[in-house]
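# Descriptive structure summary
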Amino acid sequence: MKIEYEEFNSIEDVFMYMATAAPPMKNTLPIHSYKGYVTAFVPLSQTAEDTYLMIYAKGSIDPGIYEFDVASKSYKKVEGIERADKIYFISLTPKRNTIADAAIAGL
């Protein structure tokens, strides 16, 4: 497994990147808060040697649903997904994430 990295200064920057890289019409994206990092993994290849892009910022975020407003570059925790004009992130905190463990060890 090969890991490529893209580091950002803030969680908002990670959200902005993911919001612009998401397929059109997909307004719900997963994000992980794990071992002091907020991360998202994007597969870059589907060959025998898998390659992933780890998009990350140092920090943490509680599990839940976050509404992200691209225009103001801000997010807030919400109870549900309600608006089509916003991007939503589902934050999870896995007990164990082997891809993240390998990527963090490579930093």
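To start, this report covers the structure provided alongside it. All values reported here derive from a predicted model rather than from experimental measurement.

With that settled, consider the packing of aromatic side chains. Aromatic rings in a pair are described by how distant their centres are and how their planes are angled relative to each other. Within this structure, the stated rule accounts for eight aromatic pairs. Their ring planes at 50 degrees and their centres at 5.5 Å tell us that F8 and Y17 sit as a pair that is tilted. A ring pair is formed by Y37 and Y56, whose centres lie 5.7 Å apart and whose planes are at 75 degrees; its orientation type is edge-to-face. One end of the pair, Y37, is in strand β3 (residues 37-43); the other, Y56, is in strand β4 (residues 51-58), and 19 residues separate them in sequence. Taken together, the aromatic side chains of F15, Y66, F68, Y75 and F89 make up a single cluster linked through ring pairs.

The next thing to look at is unusual backbone geometry. Its identity is not glycine, yet K35 carries a phi of approximately 50 degrees, on the positive side. K35 gets classed as exposed once you look at its relative accessible area, which sits at 56%. Look at K73: it is not a glycine, yet its phi comes out positive at around 55 degrees. Tracing the backbone through its elements, the reader meets K73 in the loop between β5 (64-69) and β6 (74-78). Relative accessible area serves as the criterion here: at 37%, K73 is assigned to the partly exposed category.

Looking now at helix α1 (residues 11-21). Listing the buried residues of α1 in full gives I11, D13, V14, F15, M18 and A19. Packed against the buried residues of α1 are β2 (28-34), β3, β4, β5, β6 and β7 (87-92).

Inspection of the entire model under this criterion finds five salt bridges. The closest approach of N and O atoms between D101 and K35, which form a salt bridge, is 3.0 Å. Of this pair, D101 sits in helix α2 (residues 98-106) while K35 sits in the loop between β2 and β3, and the two are 66 residues apart along the sequence.

The rules behind these values
Residues numbered from 1 in each chain as written. Predicted model: local features only at pLDDT ≥ 70, side-chain atom pairs only at ≥ 80, totals over all residues. Heavy atoms only, no water. Phe/Tyr/Trp six-rings, centres within 6.5 Å; stacked < 30°, edge-to-face > 60°. Helix = DSSP H or I, 4+ residues; strand = E, 2+ residues; numbered from the N terminus. Buried < 20%, exposed > 50% of the residue type's maximum accessible area, 1.4 Å probe, protein only. Contact = heavy atoms within 4.5 Å. Salt bridge = Lys/Arg side-chain N within 4 Å of Asp/Glu carboxyl O.

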